[in-house]
Amino acid sequence: MLLGYDIGSSSVKACLLDPQTGRVVAEAFAPDAEQEIRARRPAWAEQDPEDWWINLKKATCRLKSKAGKFMDSVKAIGLSYQMHGLVLVGHDHRPLRPAIIWCDSRAVEIGSRAFSEIGPHCCLDRLLNSPGNFTASKLKWVMDNEPDIYNQTYKAMLPGDYIALRMTGEDHTTPSGLSEWILWDYQEQRPSRLLLDHYGIKEDLIPKAVEPFSFQGRITEAAAGELGLPSGISLTYRAGDQPNNAFSLGVLQPGECAATAGTSGVIYGIEDTPDCDPKSRVNVFLHVNHQADAPRYGVLLCINGCGIANHWLKNHLSGESLSYDKLNALAAQVPPGADGLSILPFGNGAERILDNTEGAAIHGLNFNIHSTAHLARAVQEGIVFSMRYGVEILKKIGIDPVVIKAGDANLFKSPLFRETFAACTGCPLEILSTDGAQGAARGAGIASGAYKGFADAFGSLKAPITCVPDAILAEQLRPAYAGWVDILENKKGGIYEST
C-alpha cells in the first residue's frame, strides 16, 4: 500500500492507494472546517505548524478507521505541501514562530528591492525570477525584524520539509523546493550563493537537497506512535502542491498544462528550456521530474484570489450561508457578462502577476439591476478572466496549451465554471478524478519501485471528462473580458501593466 498526504493551507488530506489495482482504498481529511489563517497585521498570513501535524494525525486516524488492516501494509509515503511558506526550527526541531505562509505579503518590498539592487537581468538570468515575495525574502524579513528568532534558527524549511522532519527526524529539502524559495541558481545548479550573499543569510540554515523521487528517511518510532502507523516506513517523495498537482494529472512533458482552482487559482505549464517572463509575472520552478539530461521546468501562473473569493461571497453576501451548489445555481441564472458587473478577485495578499496588493474590486454595480446571482456569476467570471489574462502571458514565453488538465475538485466541480474556463481560454479542459494526496501516493510508489515508471503509475486513471470550448459562449464572453481587462489595466491610473 502507498500512503499520500497533501498538507494544504485549508486542510490535510490523506489517501491510501493500492498500486496493484490502482484503487483508492480510503481517503480522509482534517479538520472539518478550514484551518485558520491568522493575520496579526495587515498583509500577514500565518499558521501554526503544530496545527498541520495535529490535523495530519487526525486525517491518519480517520483513514485508519476506513481502511483498517490495510494500513498495516503501507510500504512508502509521499508528501505534497503548500508552497513558498517558511518554517523556522531550533535545534530541538520545534518551530520558533508561526509559519509565514504562501499568501503572506510582508516581504514584497524586500524582494522588489533585491531585484533592483542585484539587477533584473542578473536575477532573471540566474534565478529565472525576481526574488519577489518568496521564501528567501521572507527569511530576510525575519533576519531584519526578528533577529533573536533568526539567531536561534537551526534550519529554515518549507512546510513539507517540516512535516518530513517530524516524520523522519531528518532535515532535507529538494532542488524543486529550493526553486520555490527562488533560491536555485540555474547556471550553477545549486543553492544560490548570489541571493544568500545579498541577503546575508547563512547557507547552513538551508537543508541539504535530495531528489523528489528518492529515499528520504524512515518514519521514527515516536512519529509512528503519534500517527498510529508501523515504524520504519520509507518516505520516498515530496513536492510542492502545484508541481505535485501537475504530476498527479500526468502533466510531465513540454507543452502540457495543469490547472487548479482552490484557495488560489493556478495554471502550471511544462517547458524544457529555461525561459522566463521579463516582468516576473509568472514564475519558473524545477518540475518534479527535472533531470540534467532531460530538463523540465514548471511555469506557474498564480491568482491568489480564486476559490477564496467564491468562499467569501458564499459566507458574507446573503442573509444565510449559501452552499456552493446553490451559489452555482444562482450564477447560472444570469447571462454571460453578468449584465455589465465586473469583479477583480485580487483580495488575498500580493498578486504575483500584478506585483501589488491593491485588493479586490467590484465595478459597474447597479443597485436597480444586480443581485446576489449577478455577483455569483461575476466572481466566477472574474476568476476565469484572471486566469485567461495569465495564459496570455504564458503564450508570450512559448507555452501555448493544446489542452489543460484539472482535478475534479473545488471550482472545477462547477459545470458553469468549467464551461466558462474552456470558452474564455479557448482550450479544451480535461477533468480527471484525482487529487494531490493521490498524486503524493503515486509519487511514493514510483520512487519505492511499486511502479515501473510514470506510465505505469497513471495507467489506472479513469478517462477524463472533457469540456470543449463553446464558440457561442466564447463570443458572448468576449466583450465582458475586454471590459474587464480595460478596468484592470487602467485601475488607479494604470497601476497594472498591460501584457
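How each quantity is defined
- Residues numbered from 1 in each chain as written.
- Predicted model: local features only at pLDDT ≥ 70, side-chain atom pairs only at ≥ 80, totals over all residues.
- Heavy atoms only, no water.
- Helix = DSSP H or I, 4+ residues; strand = E, 2+ residues; numbered from the N terminus.
- Rg over C-alpha atoms; globule rule 2.2 N^0.38 Å.
- Buried < 20%, exposed > 50% of the residue type's maximum accessible area, 1.4 Å probe, protein only.
- Contact = heavy atoms within 4.5 Å.
- Areas by Shrake-Rupley, 256 points an atom, 1.4 Å probe, with all protein chains shown as cover.
- Pairing = 2+ DSSP bridges.
- Axes fitted to C-alpha atoms, helices over the stretch in contact; angles between N-to-C directions.
- Core = buried A, V, L, I, M, F, W, Y, C linked by side-chain atoms within 4.5 Å.
- Left-handed = near helix turned anticlockwise from the far one by under 90°.
- Nonpolar A, V, L, I, M, F, W, Y, C, P; charged D, E, K, R; others polar.
- Polar contact = N/O pair within 3.5 Å; in protein donor to acceptor, adjacent residues only side chain to side chain.

**Details of the overall build of the protein**
Reasoning step 1: From N to C terminus, the protein includes 17 helices and 22 strands.
Reasoning step 2: The C-alpha atoms of the protein give a radius of gyration of 22 Å, which matches the 23 Å a tight globule of 499 residues would have.
Reasoning step 3: Projecting the C-alpha coordinates of the protein onto the three principal axes gives extents of approximately 65 × 55 × 45 Å.
Reasoning step 4: Residue burial in the protein is summarised as follows: out of 499 residues, 61% are buried.
Reasoning step 5: Counted over contacts in the protein with a minimum sequence separation of 6, partners at least 24 positions apart contribute 74%.
Reasoning step 6: Total accessible area on the protein stands at roughly 18900 Å², and carbon and sulfur atoms take up 50% of it.

**So, the environment of Y481**
Reasoning step 1: Mapped onto the elements of the fold, Y481 is located in helix α17 (residues 471–490).
Reasoning step 2: In contact with Y481, other than residues within four places in its own chain, are F385, R388, Y389, E392 and C424.

**Brief notes about the sheet that holds strand β13 (residues 234–240)**
Reasoning step 1: The mixed open sheet is built from five strands, whose spatial order is β3-β2-β1-β5-β13. Every other strand in the sheet has two partners, leaving β3 (24–30) and β13 as the edge strands with one partner each. Ignoring which end each strand starts from, the neighbouring axes of this sheet average 15° apart.
Reasoning step 2: Bridge count between strand β5 (residues 76–81) and β13: six bridges; the pairing is parallel. Each residue of the ladder has a partner; that of S80, found in β13, is A239.
Reasoning step 3: Lying over the sheet, helix α1 (residues 49–67) contacts β1 (2–7), β2 (12–17) and β3, oriented at roughly 145° with respect to β3.

**Focus on the sheet that holds strand β20 (residues 404–407)**
Reasoning step 1: The strand order β16-β17-β15-β14-β20-β21-β22 describes an open sheet built from seven strands, whose pairing is mixed. The sheet is open, and its two edges are formed by β16 (283–286) and β22 (465–467), each paired on a single side. Averaged over neighbouring strand pairs, the angle between their axes works out to 25° when direction is ignored.
Reasoning step 2: With four bridges connecting them, β16 and strand β17 (residues 297–303) associate as antiparallel partners.

**What to know about the pairing of strand β14 (residues 257–261)**
Reasoning step 1: Most of β14 sits inside the fold, with five of its five residues counted as buried.
Reasoning step 2: Along β14, one buried face is formed by C257, A259 and A261 and the opposite face, lined by A258 and T260, is buried too.
Reasoning step 3: Pairing between β14 and strand β15 (residues 265–271): five bridges, direction antiparallel. By the bridge assignment, A259 is partnered in β15 with I267.
Reasoning step 4: Here β14 runs beside β20; their pairing, made up of three bridges, is parallel. Across the sheet, the residue bridging to C257 is I404, located in β20.

**Brief notes about the nonpolar core**
Reasoning step 1: Core analysis: the largest hydrophobic core is formed by 170 residues, its most contacted members being Y5, I77, M167 and W181.
Reasoning step 2: Of all the elements, helix α13 (residues 372–396) adds the most residues to this core, at 13 residues.
Reasoning step 3: Non-local contacts of M167, meaning those with residues more than four positions away in its chain, are made with Y5, W53, L56, I77, L79, R218, I219, T220, A223 and L227.

**Here's the deal with the packing of α13 against helix α14 (residues 415–425)**
Reasoning step 1: It is at 10 Å that the axes of α13 and α14 come closest, and there the two elements cross at 35°. As α13 packs across α14, the resulting crossing turns out to be right-handed. The residues of α14 that touch α13, namely those facing R377, Q380, E381, I383, V384, F385, M387 and R388, are L416, F417, T420, F421, C424 and T425.
Reasoning step 2: Of the residues that constitute the contact of α13 with α14, the class distribution is eight nonpolar, three polar and three charged.

**Points about the side chain of S192**
Reasoning step 1: Relative to the helices and strands, S192 resides in the loop between β11 (190–191) and α8 (193–199).
Reasoning step 2: For S192, the side chain forms a polar contact with the main-chain nitrogen of L195, separated by 3.1 Å.

**Some points on unusual backbone geometry**
Reasoning step 1: Here A30 and P31 are connected by a cis peptide whose omega angle stands at 0°.
Reasoning step 2: Note on placement: P31 falls in the loop between β3 and β4 (46–47).
Reasoning step 3: Despite not being glycine, A43 shows a phi value in the positive range, around 75°.
Reasoning step 4: Within the secondary structure, A43 is located in the loop between β3 and β4.
Reasoning step 5: Its relative accessible area of 43% is what places A43 among the partly exposed residues.
Reasoning step 6: Positive phi is not limited to glycine here, since L128 has a value of about 65°.
Reasoning step 7: Inspection of the secondary structure assignment puts L128 in the loop between α3 (120–126) and α4 (135–145).

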